[in-house]
Amino acid sequence: MRWLPSFLFAVCVAHPALAQDALRGKLLYHDIGRVRGTGVSCVDCHGGIPGALHGLEKVAGNPNAIAYAIGAVQQMTPLRGRVTVEDMADIAAYVADPAVASPAVHLTTSGPAASAYTSERLEFAGAGTSSVRLTNAGALPFGLGAAPFLDGPAAAQFILAASDCESGAVLAPQQSCALRVEYRPVGIGLRTATLRIAHDWIGGSTNVALIGR
Ligand code: HEC
């Protein structure tokens, strides 16, 4: 059995991707559309794990099943040539260990009684102030990117009044940061804008639709 150690050595050298990273695999499974520019991610067609559809379970610990599927499945054409060997190894590691510790970005909003609000939308019935809180509900930290900002057609009618969601800050598990958004309408009519909070986890940013009346 003298060949065995050198065989293993050769495999490890030929495939640096053997150091699979299930956490990175989780990010890719949910967000490869953005990360690799494929426009669509595994989760969009296969659904979440457990319970994923279309034979996804074959991927657990088996990156070759991904390479095969990308080549063979018509619907997976957008992924061709864009998913690296390392990406496949990491996704296979995630499918084998879907409970891998990870960050989890949770958004909550609150506002005056006159406003309707859900976690992805702040609706102002008139001038007023509401707040948005970003919480790390996961088991690992995530980082914030550039400072939160407003864009969209009526961005100028909304103001980021205060924020401790600072550029580059790291949110540890259970930690949160908050922003206050003020609506100061000029004239009449419906106004819309988007609040964007950049981070380094799934989606790359959390966005809140701002609607003012
Ligand atoms: C645009 C939709 C779409 C996306 C995105 C997608 N898949 Fe699929 N995939 C499918 C469909 C549909 C099938 C089933 C094809 C069939 O059974 O004929 C499939 C089948 C598979 C299979 C089983 C192939 C086989 O051997 O039977 C694997 C494995 C797989 N996909 C992995 C992935 C992974 C990993 C990703 C993300 C990197 C991904 N897919 C992204 C639509 C998609």
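How each quantity is defined
- Residues numbered from 1 in each chain as written.
- Predicted model: local features only at pLDDT ≥ 70, side-chain atom pairs only at ≥ 80, totals over all residues.
- Heavy atoms only, no water.
- Helix = DSSP H or I, 4+ residues; strand = E, 2+ residues; numbered from the N terminus.
- Buried < 20%, exposed > 50% of the residue type's maximum accessible area, 1.4 Å probe, protein only.
- Contact = heavy atoms within 4.5 Å.
- Areas by Shrake-Rupley, 256 points an atom, 1.4 Å probe, with all protein chains shown as cover.
- Phe/Tyr/Trp six-rings, centres within 6.5 Å; stacked < 30°, edge-to-face > 60°.
- Core = buried A, V, L, I, M, F, W, Y, C linked by side-chain atoms within 4.5 Å.

Colleague: Explain the overall build of the chain here, please?
Modeller: The secondary structure content of the chain amounts to 5 helices and 11 strands. Looking at the chain residue by residue over its 213 residues, the buried ones come to 37%. Partitioning the contacts of the chain with sequence separation of at least 6, the portion at a separation of at least 24 is 63%. Here the chain has roughly 11,300 Å² of accessible surface; of this, 59% comes from carbon and sulfur atoms.

Colleague: I tried to follow the environment of Ala-116 on my own but got confused; where do I start?
Modeller: In this structure, Ala-116 sits in the loop between β1 (105-110) and β2 (117-118). Residues Ala-116 and Ile-211, 95 residues apart in the sequence, show an inter-C-alpha distance of 9.7 Å. In this view, Ala-116 contacts Leu-122 and Glu-123; residues no more than four positions away in its chain are not counted.

Colleague: What is the right way to look at unusual backbone geometry in this model?
Modeller: Trans peptide bonds make up most of the peptide bonds, and negative phi angles are found at most residues other than glycine. Here Ile-49 and Pro-50 are connected by a cis peptide whose omega angle stands at 0°. Its location among the elements puts Pro-50 in the loop between α3 (42-46) and α4 (63-72). Its identity is not glycine, yet His-54 carries a phi of approximately 60°, on the positive side. Mapping His-54 onto the fold places it in the loop between α3 and α4. Owing to a relative accessible area of 62%, His-54 belongs among the exposed residues under this scheme. In the Ramachandran plot, Gln-174 falls in the positive-phi region, its phi being about 75° despite a non-glycine side chain. Inspection of the secondary structure assignment puts Gln-174 in the loop between β8 (170-171) and β9 (176-183).

Colleague: What should I look at first to understand the packing of aromatic side chains in this one?
Modeller: Aromatic ring pairs are reported here in terms of the distance separating the ring centres and the angle at which the planes meet. According to the stated counting rule, one finds 4 aromatic pairs in the structure shown. Relative to Tyr-94, the ring of Tyr-29 has its centre 5.7 Å away and its plane inclined at 55°; by these criteria the two rings are tilted. Separated by 65 residues along the polypeptide, Tyr-29 in helix α2 (residues 22-35) and Tyr-94 in helix α5 (residues 85-96) bring together distant segments of the chain. Just as Tyr-29 is buried, Tyr-94 falls in that class too. Ring geometry for Phe-124 against Phe-158: centres 5.9 Å apart, planes inclined by 55°, an arrangement best described as tilted. Taken together, the positions of Phe-124 in strand β3 (residues 121-124) and Phe-158 in strand β7 (residues 158-163) put the pair 34 residues apart, joining distant regions of the chain. Using a relative accessible area of 3% as the deciding quantity, one classes Phe-158 as buried. Members of the aromatic cluster, joined through ring pairs, are Phe-124, Phe-158 and Tyr-183.

Colleague: Quick question: what am I supposed to make of the nonpolar core here?
Modeller: Within soluble globular proteins, side chains that are nonpolar generally end up buried alongside one another. One finds Val-132, Phe-158, Val-181, Leu-195 and Leu-210 to be the most contacted residues of the largest nonpolar core, which totals 23 residues. When residues of this core are traced back to their parent elements, those giving at least two are β3, β4 (128-136), β9, β10 (191-198) and β11 (205-212). Once residues within four sequence positions are removed from consideration, Val-132 is found in contact with Leu-107, Thr-108, Thr-109, Leu-122, Cys-177, Ala-178, Leu-179, Val-181, Leu-195, Ile-197 and Val-208. Core analysis: the second largest hydrophobic core is formed by 22 residues, Leu-56, Ala-69, Val-83 and Val-95 among them.

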